[in-house]
Structures are given as C-alpha cells and as structure tokens.
Amino acid sequence: MVSLRFPFLFSQPKKHPNGISRTITSRSFPATTTTVACALAAGAAAFAGIAATRNSKNPKQDNPLIQNALNLLFSNHLLAPWASLSLADPSPSVVETKTGAAFPSVIFESRRLLGIGLRKKTILGLKNIDVYAFGVYADADEVRKVLSEKYGKLSVSELKESKEFKEDFMGGDIGMTVRLQIVYSKLSIRSVRSAFEESVGSRLQNFGEPNSKELLQRFTSQFKDEYKIPRGSVIELSREQGHVLRTTIDGKEVGSIQSKLLCRSILDLYIGEDPFDKEAKEDIESKFASLLQVDH
Ligand SMILES: CCCCCCCCCCCC(=O)O
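Overview of the structure. (Residues numbered from 1 in each chain as written. Predicted model: local features only at pLDDT ≥ 70, side-chain atom pairs only at ≥ 80, totals over all residues. Heavy atoms only, no water.)

Describing the packing of helix H4 (residues 140–151) against helix H6 (residues 163–171)
The relative placement of two packed helices comes down to the angle between their axes together with the axis-to-axis distance. Remark: H4 packs on H6, axes separated minimally by 11 Å, with the N-to-C direction vectors making an angle of 165°. As the angle between them shows, H4 and H6 are arranged roughly antiparallel. The crossing of H4 and H6 is right-handed. On H6, the residues touching Leu-147, Lys-150 and Tyr-151 of H4 are Glu-164, Phe-165, Asp-168 and Phe-169. The class makeup of the residues in the contact of H4 with H6 is four nonpolar, no polar and three charged. (Axes fitted to C-alpha atoms, helices over the stretch in contact; angles between N-to-C directions. Helix = DSSP H or I, 4+ residues; strand = E, 2+ residues; numbered from the N terminus. Parallel < 35°, antiparallel > 145°, perpendicular 65-115°, else oblique. Left-handed = near helix turned anticlockwise from the far one by under 90°. Contact = heavy atoms within 4.5 Å. Nonpolar A, V, L, I, M, F, W, Y, C, P; charged D, E, K, R; others polar.)

Describing the packing of aromatic side chains
As enumerated under the stated definition, the model contains ten aromatic pairs in all. Within the aromatic cluster, the residues linked to one another by ring pairs are Tyr-132, Phe-134, Tyr-270 and Phe-276. One cation-aromatic arrangement involves Arg-119 over Phe-276; the distance from NZ or CZ to the ring centre is 3.7 Å. Over the aromatic face of Phe-108 sits the side chain of Arg-246, whose NZ or CZ is 5.6 Å from the ring centroid. (Phe/Tyr/Trp six-rings, centres within 6.5 Å; stacked < 30°, edge-to-face > 60°. Lys NZ or Arg CZ within 6 Å of the ring centre and 35° of its normal.)

Focus on a nonpolar patch on the surface
A cluster of nonpolar side chains, namely Ile-123, Leu-124 and Leu-126, defines an oily patch on the protein surface of about 370 Å² accessible area. Mapped onto the elements of the fold, Ile-123 is located in strand E5 (residues 111–123). Residue Ile-123 is classed as partly exposed on the basis of its relative accessible area of 34%. (Patch = residues over 30% accessible without salt bridge, like charges linked within 9 Å, V, L, I, M, F, W, Y side chains within 5 Å. Areas by Shrake-Rupley, 256 points an atom, 1.4 Å probe, with all protein chains shown as cover. Salt bridge = Lys/Arg side-chain N within 4 Å of Asp/Glu carboxyl O. Buried < 20%, exposed > 50% of the residue type's maximum accessible area, 1.4 Å probe, protein only.)

Shown next, in the form of structure tokens:
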C-alpha cells in the first residue's frame, strides 16, 4: 500500500497566501498515523478532563496525570498548543516539524502542496546545518489536463515505477512551485547565489545545456546584493506556462527566465535522481501521481 505521508487538503484560498497560517498539521504523517494521532490526542484530552475533575484546585500544574496527558496532546509533533484544526480555515498549513516552518496547503489558488522536506548543508566539512525547509506544489488542474489522457488509468504505484511518467512530470508544461522557507539565521545573499551556482550548475551540466554558464549567471544574478534573507524569508521558484521560471523573494518578483532546462534543473534538486531529501521526494511523487486518480 502506498503510504501518503500527507495529512489533508481543504478548500482553497482565493489569494496567494504568503503568510503563515496558524492551522497546523504535522509533517508528512501517513493517513493512518494522523488518525491514530488524532485519536490519541482526543483520548489524552478526555483523560485530562476526567483527571481535572478529580483535582479542581490547579489541575494543570499539580496533577502529573493531567500534565502527562497534556504533554501527549501537545508534544511529539501531534499538535502545537496553539494549533487549530478548524474546517473553517481556508488555508490550513503543513509544518516541517524540525524547523517549525509552515507551508500553506494551497498557493496561487490552485497549486497544491505535494510534500515538504528539509535542506541541510555541511559547512567546512564539519557542521551540518538546516538551511531551509521546502514545499513542492503542483497545479492539480494542469496535471490532469496534461497527463490524464496518457496516465489516467494507471495506479499510483504503476505511475511511480514509470520512467516516462517521471519525465513527463518533471519536464511537462505544468505549473509547479518550489517554496523555500529559510531557517538558517546567518544566510547571506552571496551564499544563496553560490549555493545555486553549485547545485543548479551541476544539474544544467548533467542535462547537457550548451549555454549553461550564461543561463546560470542569468539565474543567479537575480539574487542581488540588496536583498536580505533573514530567517523566515520565503523564496519561491515557480514554473509558469511555457517553461518560464519565475523567482520571488518574500512575494516580490526578482526575475523570470524562459528555459525548460532551468525549470527542470530546479525540480531535479528536490525530485530528481539525487534529491536533497529522499523522504520528501517519495511523498511528492506519490502525491503527484495521486492527483491523476479519479478519487483523491
Ligand atoms: C551556509 C549555507 C548556504 C546555503 C544557502 C542555500 C540557499 C538557497 C539555495 C537553494 C539551492 C540549494 O539548496 O542548493
């Protein structure tokens, strides 16, 4: 059985939600885990309630049973104390648990979150740091429009095994966004440029892009010295119609470049052969394939 380590999707917000929603789910739990987690949380809450009636003075502080129940409810990535799972919230978010970075489940009205992950980097061969959390989104309508005729009858596991499907998914004219949420607090725009030079540069070369240097330079020069990238900054790399890569920093567009290989190279960092976060890649591929299923 394919495990969709992704919680749920609700109705869609009308505007691009750049802000962080306070409605929280946990990172990539399987549906079964989520259900169990909810049941546990409900049980803990009920237990806390019962225990509270036994110690009416200051139940929260005095009674270790209640404390344990509340700890269970609010810890271990189940739900943050301030989380709400209100169905009324138009834009629930998914949280990358290690960093706390929250990802709206839908952006730009129809791009759905497929999965989230974490980009780590080793500095000076010694220290492993969490640089940013990322979320990968795809336009569900475009996925179906472009791919359902060819792949609509295949199951998720068949699709995941198909190289051709993967090629069409990575290289197709389908709106997709990779959203990076910076968590490292000492990041300079210069290190953003050189990280892109290294990672995107190697992909462009692998894909045999003849003008890779020039293209890479056009791309990295969008990250100008004047931009600041403090913790919490959001960089979005979006593939728009006609393979145009649109880059924004905190919602402000910093450039657009039409290049199929550049779009492909960016996606390759997250869902290619050697992705930054293998677990995230699995989630993203499964969710993408599930968009083609009739009942998803
Ligand atoms: C000190 C570490 C610097 C790493 C900065 C990464 C910033 C964004 C780069 C995106 C592409 C990539 O992850 O390689």
